[in-house]
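# Structural overview
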Amino acid sequence: MALDAWRLAVGTLTVIPVRPPVEVNRPIAARAMVMAPVAAIPLAALVALVGWVGWMVSLPSLLVGLLMVATLALGSRALHLDGLADTFDGLGAAGSPERALAIMKRGDIGPMGAVALIVVLAAQAVAFGAVVDGPRGAITAGLVVCCSRAVLPVACRRGVPAARVNGLGVAVLGSVAPVVAWGVWLSAQVVLVAAAALSARWWLGLVGGVLSITAVLILIRRAVRRLGGGTGDVLGAAVEIALAIMIGCVAA
């Protein structure tokens, strides 16, 4: 079960080639979400390496940030970014929940999704570039990437329904025990505070953690009220929003 959960987490959240899980059920899906911050370590290390190399060759900080964001997008198949755009298009649409879900399922990006992408990506790029001012800053950036994935078990905790009857979200939403979900989140906050202490002030990590989880909880609540539950797109949006807030606070 643990191996299948690991394969599901790595295969879903990164481009790292792994064998597909032999079985996918609710317990395995729950474990996969709990493993999300650890599954992101190789990708986070690559992002940190790109930032460190960019700093070493004296690239402009904004360019370094853009390269780090691009690396993160490529390494995750832009899965979370796609979810961010679809979520804002759906939540901003008029009409019934069914119409909003249909809009989210389409492949195109509407104005709300485009604005969300521009704002979040710009915030991430500027913040990443500001954080990476040396080896410690690169390590901080990588750790923040891992910590941002800790919102997934919280967003998938029991009590959060799925808006659809099929799709990846159905397998993971409502699958994680609340005590486990919050335990993963609190553990990630310890890491986030330590990461902030490496290149900034430790309390900025605490602020980033509180603000990011608040934003994610508001997003999930809005999705449940507007759509009838969460979706895989909403989970992706939660990750991107959490990352932008965390790295922004650490860079402050």
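Everything in this summary refers to the structure shown in the same document. The shown structure was predicted, so the numbers you read here are calculated from the model rather than taken from an experiment. (Residues numbered from 1 in each chain as written. Predicted model: local features only at pLDDT ≥ 70, side-chain atom pairs only at ≥ 80, totals over all residues. Heavy atoms only, no water.)

### Describing the overall build of the protein chain
Broken down by element type, the protein chain carries 14 helices and zero strands. Element order for the protein chain, N to C, with α for helix and β for strand: α-α-α-α-α-α-α-α-α-α-α-α-α-α. Over its C-alpha atoms the protein chain spans a radius of gyration of 17 Å, differing by no more than 12% from the 18 Å that the globule rule assigns to 252 residues. When the backbone C-alpha atoms are referred to their principal axes, the protein chain occupies close to 50 × 40 × 35 Å. Evaluated residue by residue, the protein chain yields a buried proportion of 50% over its 252 residues. Long-range contacts, defined here as pairs at least 24 residues apart, represent 74% of the contacts in the protein chain between residues at least 6 apart. (Helix = DSSP H or I, 4+ residues; strand = E, 2+ residues; numbered from the N terminus. Rg over C-alpha atoms; globule rule 2.2 N^0.38 Å. Buried < 20%, exposed > 50% of the residue type's maximum accessible area, 1.4 Å probe, protein only. Contact = heavy atoms within 4.5 Å.)

### Some details on empty space enclosed by the protein
Summed over the entire model, instances satisfying the criterion amount to one cavity of 30 Å³ or more. In this structure, the largest cavity encloses a volume near 50 Å³. Those elements that provide at least two residues to the lining of the largest cavity are helix H5 (61-75) and helix H8 (111-131). Looking at the lining of the largest cavity element by element, the count peaks at three residues for H5. Residues that form the lining of the largest cavity fall into these classes: five nonpolar, two polar and two charged. (1 Å grid on protein atoms, 1.4 Å probe; cavity = no way out; pocket = protein on both sides within 12 Å on 5 of 7 lines; lining within 4 Å. Points joined across faces, edges and corners; volume = space filled by probe spheres on them. Nonpolar A, V, L, I, M, F, W, Y, C, P; charged D, E, K, R; others polar.)

### Quick notes on unusual backbone geometry
For Arg 77, which is not glycine, the phi torsion reads 60 degrees and is therefore positive. Relative to the elements of secondary structure, Arg 77 occurs in the loop between H5 and helix H6 (79-91). Positive phi is not limited to glycine here, since Ala 78 has a value of about 55 degrees. With respect to the secondary-structure elements, Ala 78 resides in the loop between H5 and H6.

### Some details on helix H1 (residues 2-13)
Helix length check: H1, at twelve residues, gives a terminal C-alpha distance of 16 Å against a target of 16 Å (1.5 Å per residue), a fit within 8%. All of the buried residues along H1 are Asp 4, Ala 5, Arg 7, Leu 8, Ala 9, Val 10, Thr 12 and Leu 13. (Expected span 1.5 Å × (residues − 1).)

### A word on the nonpolar core
Of all hydrophobic cores here, the largest spans 76 residues; its most connected members are Phe 128 and Leu 227. At twelve residues, helix H14 (residues 232-251) tops the list of elements feeding residues into this core. Residues within four places of Leu 227 in sequence aside, it is in contact with Leu 91, Pro 97, Ala 100, Leu 101, Met 104, Ala 163, Arg 222 and Val 234. (Core = buried A, V, L, I, M, F, W, Y, C linked by side-chain atoms within 4.5 Å.)

### Section: the environment of Ala 181
Mapped onto the fold, Ala 181 is located in helix H12 (residues 178-199). Classification of Ala 181 as buried rests on a relative accessible area of 0%. On a C-alpha basis, the gap between Ala 181 and Pro 111 in space is 33 Å, while along the polypeptide they are 70 residues apart.

### Details of the layout of surface pockets
Its boundaries defined by the atoms lining it, the largest pocket holds a volume of some 240 Å³. Arg 164, Gly 167, Thr 231, Gly 232 and Asp 233 are, among the 18 residues lining the largest pocket, the residues nearest its centre. Put simply, the parts of the chain that give the lining of the largest pocket at least two residues each are H6, helix H7 (97-105), helix H11 (168-172) and H14. Ranked by residue count, the leading element in the lining of the largest pocket is H11, at three residues.

### Quick word on the packing of H6 against H14
Contact geometry of H6 with H14 gives a least axis separation of 7 Å together with a crossing angle of 110 degrees. Comparing their axes, H14 and H6 come out roughly perpendicular. Of the residues in H14, those touching H6 at His 80, Leu 81, Asp 82, Gly 83, Leu 84, Asp 86, Thr 87 and Phe 88 are Asp 233, Val 234, Gly 236, Ala 237, Val 239, Glu 240 and Ile 241. Class assignment for the residues of the contact of H6 with H14 results in seven nonpolar, four polar and four charged. (Axes fitted to C-alpha atoms, helices over the stretch in contact; angles between N-to-C directions. Parallel < 35°, antiparallel > 145°, perpendicular 65-115°, else oblique.)

### So, the state of the cysteines
Covalent bonding between the sulfur atoms of two cysteines is what defines a disulfide. Across all of its chains, the model carries zero disulfides by this definition. Here Cys 146 is not disulfide-linked; the sulfur of Cys 147 is the nearest cysteine sulfur, at 6.9 Å. Cys 147 provides the cysteine sulfur closest to Cys 156, a residue in no disulfide bond, and the two sulfurs are 18 Å apart. Of the residues examined, Cys 156 reaches a relative accessible area of 0% and is grouped as buried. (Disulfide = S-S within 2.5 Å.)

### As for the side chain of His 80
Tracing the backbone through its elements, the reader meets His 80 in helix H6. Under the relative-accessibility criterion, His 80 is labelled buried at 3%. Once residues within four sequence positions are removed from consideration, His 80 is found in contact with Leu 13, Arg 149, Gly 236, Ala 237, Val 239 and Glu 240.

On their own, these measurements won't tell you what the molecule is for.
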